[in-house]
Amino acid sequence: MKQSLRASVLAFVALGALAATLQAGGCMSYEEGQEGDILMSSQVVDWRDEVIYQVLVDRFADGDQGNDDRVDRTAMGRYHGGDWKGLEDHLDYLQDLGVTTIWISPIVKNVDTDAGFDAYHGYWMQDLTALNPHFGDLPALRSLVFAAHAKKMKVIVDIVTNHMGQLFYYDINMNGEPDDRVAGDGSSSEVTHINEYDPDFDPRGVQSRTSLGEAGPAPVIFVYDPATNHMPPMPEVFQDPRAFNRKGRTVNFDDPDQLIHGDFPGGLKDINTKLCGPRDGVPVKEAMVDSYARWVELTDIDGFRIDTVKHVEREFWRFFAQKLRQRLHAGGKNNFIMFGEAFDGRDNLVGAYTLTDPPPPDQLALENQCVTDGVPLTGDQLDSVFYFPQYFQAIRDVFQSGLSTKRIEDLWSQRKNDFGTTAPELGIGVPPMDVPINFIDNHDVPRFLFNGDEAGLRNALTFIFTAQGIPCLYYGTEQEFSGGNDPSNREDLWPTGFPTDGPTFTYIQKLAAIRRSSNAIRKGAVTVVWSSDRTNDEDDAGVFAFERAGGDAGNDYALVILNANQKKASAPVFQGTPMKVNAEEGTQLVDRLGSDRTFTVGAGGTLVVSPPLPPQSALVLTRP
Ligand SMILES: [Ca+2]
Ligand SMILES: [Ca+2]
Ligand SMILES: [Ca+2]
């Protein structure tokens, strides 16, 4: 369906949302004047066919020196000049690697720089209706998406709904200025250090104080500094102080009130994501749907990775996910994926954002007061989540630290209970429990090679490319980057020269090819056939083996056997009893990873692996 953008802008207004395009201030909201007709398209049949590659746009490639404002490559916390044009220029490199989907860092306009650091990462939102000029303009973003689609590649955009950048201060002493002050003398009164940009959490809301004591809620004052783009937030609903929770900075993430309502460390102001227009008079939820849906309609991107979901009420996720899906579906975009980031090792917490479980009737009725389109809310939330529990318990504990593989089996069996078991309506058509986003590292944790070696990295790569779900690489892994914690893990890629012949690059190519060729590995159900709680010199210390078969695999079959032990060869056998698999006796299996080993399933499904697997190595077995 061909969609007139001009018409959809009018529809946008008619829907009762704030017309961001009407704002003053010279802001190019929705890149005014650059709209043209686009055709939204559904690029993905089954997201399990995809291989995702996460890009920090500022660090990937500099394709346009014209936008290199404020660039300082000598400091990791500054802009380095990468942009959407640079990424478009290197799509062949990514396709060569085996990548099918690019996840790019946030696209919208940010606070430019704050306290000596730049928003090169894109997580300091200021205007949800404008693009970040460091990365390009609307034609450049569209060009990237269209060029990707022409290669059958897809683009996922990172979004934030929990907070905006450091756009206001709490005028605690009510002098109309942002103060960073010390009060008290430490003897007759307690010394308190209060930064009005980032005061500590107060469950009542940040309070003002005078020499006479507390004086009620502290006024919120938006900053106006065009030079650093500390400007009032957009769309305009966010200029209403009620759109923010105003409770100050979270100091204890274990306190649910702070977790959900506190400002994110760094002065990132927490949005009151409960509010909607019809019920509360402040259309925050609608503004989020409108702002982000608009970018899909303007650029035909294929999905969202959503930041900090555990700091937002599930009430919000129900509204956001469902209303966004309905709007995009009506515009011709289907199979749009939304996966969330909950940086947490607890499987039940992370999986909770994928459950289809309506709240109690009273609560649902309250939430439905936000609905004006006549389509009531259900329990549906996100399509998937970043599989952080697996990062901790498999990637870090097993493949880096050599702990027992039993923990992976335990974790995977928990997923059936913790993740959604039905696909959300108008979502990606696959139950969340079957599509966790499997990753080794990302921009918030040290790279694998910071604490691990290349053999361990290859094993971890084999694991995420064959486990149930969608593999997700972090840029630079293919070039053996080894940076530590943020920002050291955000290296520039271009100094490598983009070689395609390195050992990790070619190993990923091989894994991607194996995955492409196997229905079982992409879509099969999973059955663990060997795990071990032994980690020393036992026969099976470090072995983990699983089958991919059944489910949507058709008749295809795959068996993956990993030895995560860092010192010794191991095999799936203990006290003389070898592994049993579910393939029929006589089934021939060959390794796809490059050894010329072949196996035949024996009586009762017995599979003997002798000689054992060398330390930190794997077999990926399929029928010949
Ligand atoms: Ca540039
Ligand atoms: Ca003040
Ligand atoms: Ca929040």
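Treat the numbers as computed from the prediction; the structure is a model and nothing was measured.

Caption draft 1: Highlighting the sheet that holds strand 26 (residues 573–574). Sheet architecture is open: three strands sit in the order 26-27-30, paired in antiparallel fashion. Each of the sheet's edge strands pairs with one partner strand only, and the pair in question is strand 26 and strand 30 (606–607). Where strand 27 (residues 577–580) meets strand 30, two bridges bridge the pair, whose relative direction is antiparallel. Each residue of the ladder has a partner; that of lysine 580, found in strand 30, is threonine 606.

Caption draft 2: Just the state of the cysteines, in detail. Counting across every chain of the model gives one disulfide. Between the sulfur atoms of cysteine 276 and its disulfide mate cysteine 370 the distance is 2.1 Å. One quick way to see it: the torsion about the S-S bond of cysteine 276 and cysteine 370 is about -75°, and its sign makes the bridge left-handed. On the criterion of sequence distance, the pair formed by cysteine 276 in the loop between strand 17 (269–270) and helix 7 (277–280) and cysteine 370 in the loop between helix 11 (361–368) and strand 20 (384–385) is long-range, its members being 94 residues apart. Each member of the pair, cysteine 276 as well as cysteine 370, is classed as buried.

Caption draft 3: Fine view of the coordination of the calcium ion (ligand 1). The coordination sphere of the calcium ion (ligand 1) contains the protein donors Asp62 (OD), Asp64 (O), Asn67 (OD1), Asp68 (OD), Gly81 (O) and Asp83 (OD), at a distance range of 2.2 to 2.5 Å. Coordination at the calcium ion (ligand 1) comes from six donor atoms whose angles at the metal span 66 to 175°, giving a geometry best classed as irregular. Here the donor residues of the calcium ion (ligand 1) are spaced in sequence according to D-x1-D-x2-N-D-x12-G-x1-D. Of the two residues, aspartate 64 sits in the loop between helix 2 (57–60) and helix 3 (84–89) while glycine 81 sits in the loop between helix 2 and helix 3, which places them 17 residues apart along the sequence.

Caption draft 4: How the structure looks around the packing of helix 5 (residues 138–150) against helix 8 (residues 284–299). Two elements in contact, helix 5 and helix 8, have axes separated by 9 Å at closest approach and are oriented at 70°. In terms of axis orientation, helix 5 runs roughly perpendicular to helix 8. When helix 5 is examined against helix 8, the residues Leu138, Leu141, Arg142, Val145 and Phe146 are found in contact with a partner set consisting of Trp295, Leu298 and Thr299. Taken together, the residues of the contact of helix 5 with helix 8 break down into six nonpolar, one polar and one charged.

Caption draft 5: Spatial organisation of the pattern of salt bridges. One pass over the structure, following the stated rule, counts 45 salt bridges. Here lysine 154 makes a salt bridge to glutamate 50, at a shortest N to O gap of 3.1 Å. One end of the pair, lysine 154, is in strand 9 (residues 154–159); the other, glutamate 50, is in the loop between strand 2 (38–39) and strand 3 (52–55), with 104 residues separating them in the sequence. By relative accessible area, which is 4% here, glutamate 50 ends up buried. Between aspartate 540 and arginine 534 there is a salt bridge, with the nearest N and O atoms lying 2.8 Å from each other. As far as burial versus exposure is concerned, aspartate 540 and arginine 534 are alike and both buried. In the salt-bridge network here, residues are joined through shared partners; they are Asp46, Arg48, Asp49, Arg522, Lys523 and Asp552.

Caption draft 6: Molecular detail of the coordination of the calcium ion (ligand 2). Binding of the calcium ion (ligand 2) to the protein goes through Asp171 (OD), Asn173 (OD1), Asn175 (OD1), Glu177 (O), Asp179 (OD), Glu196 (OE) and Glu196 (OE), at separations of 2.2 to 2.8 Å. Linear spacing of the donor residues for the calcium ion (ligand 2) on their chain is D-x1-N-x1-N-x1-E-x1-D-x16-E. One end of the pair, asparagine 175, is in the loop between strand 11 (168–170) and strand 12 (180–183); the other, glutamate 196, is in the loop between strand 13 (192–195) and strand 14 (207–210), with 21 residues separating them in the sequence. Look at asparagine 175 and you get partly exposed, because its relative accessible area is 35%. With a relative accessible area of 0%, glutamate 196 lands in the buried category.

Caption draft 7: Here's a closer look at the sheet that holds strand 24 (residues 543–549). Judged by pairing direction, the sheet is antiparallel, and its six strands sit side by side in the order 23-24-25-31-28-29 without closing on themselves. Both edges of this open sheet fall to strand 23 (525–530) and strand 29 (598–600), since each of them pairs with a single strand only. Adjacent strand axes in the sheet meet at a mean angle of 25° when their direction is disregarded. Across three bridges, the pairing between strand 28 (residues 588–591) and strand 29 is antiparallel. By the bridge assignment for strand 29, valine 590 is matched with threonine 598.

Caption draft 8: Geometry of the packing of aromatic side chains. Inspection of every chain in the model, using the stated rule, returns 38 aromatic pairs. Between tryptophan 412 and phenylalanine 463 the ring centres are 5.6 Å apart and the planes differ by 15°, which places this aromatic pair in the stacked class. You can see tryptophan 412 sitting in helix 13 (residues 406–418) and its partner phenylalanine 463 sitting in helix 15 (residues 454–466), a full 51 residues away along the chain. Judged by its relative accessible area of 6%, tryptophan 412 falls in the buried class. For phenylalanine 463, a relative accessible area of 0% gives the class buried. Taking 5.1 Å as the distance between ring centres and 80° as the angle between the ring planes, the aromatic pair formed by tryptophan 412 and phenylalanine 546 counts as edge-to-face. One end of the pair, tryptophan 412, is in helix 13; the other, phenylalanine 546, is in strand 24, with 134 residues separating them in the sequence.

What counts and what doesn't
- Residues numbered from 1 in each chain as written.
- Chains lettered and ligands numbered in written order.
- Predicted model: local features only at pLDDT ≥ 70, side-chain atom pairs only at ≥ 80, totals over all residues.
- Heavy atoms only, no water.
- Pairing = 2+ DSSP bridges.
- Helix = DSSP H or I, 4+ residues; strand = E, 2+ residues; numbered from the N terminus.
- Disulfide = S-S within 2.5 Å.
- Buried < 20%, exposed > 50% of the residue type's maximum accessible area, 1.4 Å probe, protein only.
- Donors = N, O, S within 2.8 Å, 3.2 Å for Na, K, Ca; no water.
- Tetrahedral: all angles 85-135°; square planar, octahedral: opposite > 155°, others 65-115°.
- Axes fitted to C-alpha atoms, helices over the stretch in contact; angles between N-to-C directions.
- Parallel < 35°, antiparallel > 145°, perpendicular 65-115°, else oblique.
- Contact = heavy atoms within 4.5 Å.
- Nonpolar A, V, L, I, M, F, W, Y, C, P; charged D, E, K, R; others polar.
- Salt bridge = Lys/Arg side-chain N within 4 Å of Asp/Glu carboxyl O.
- Phe/Tyr/Trp six-rings, centres within 6.5 Å; stacked < 30°, edge-to-face > 60°.

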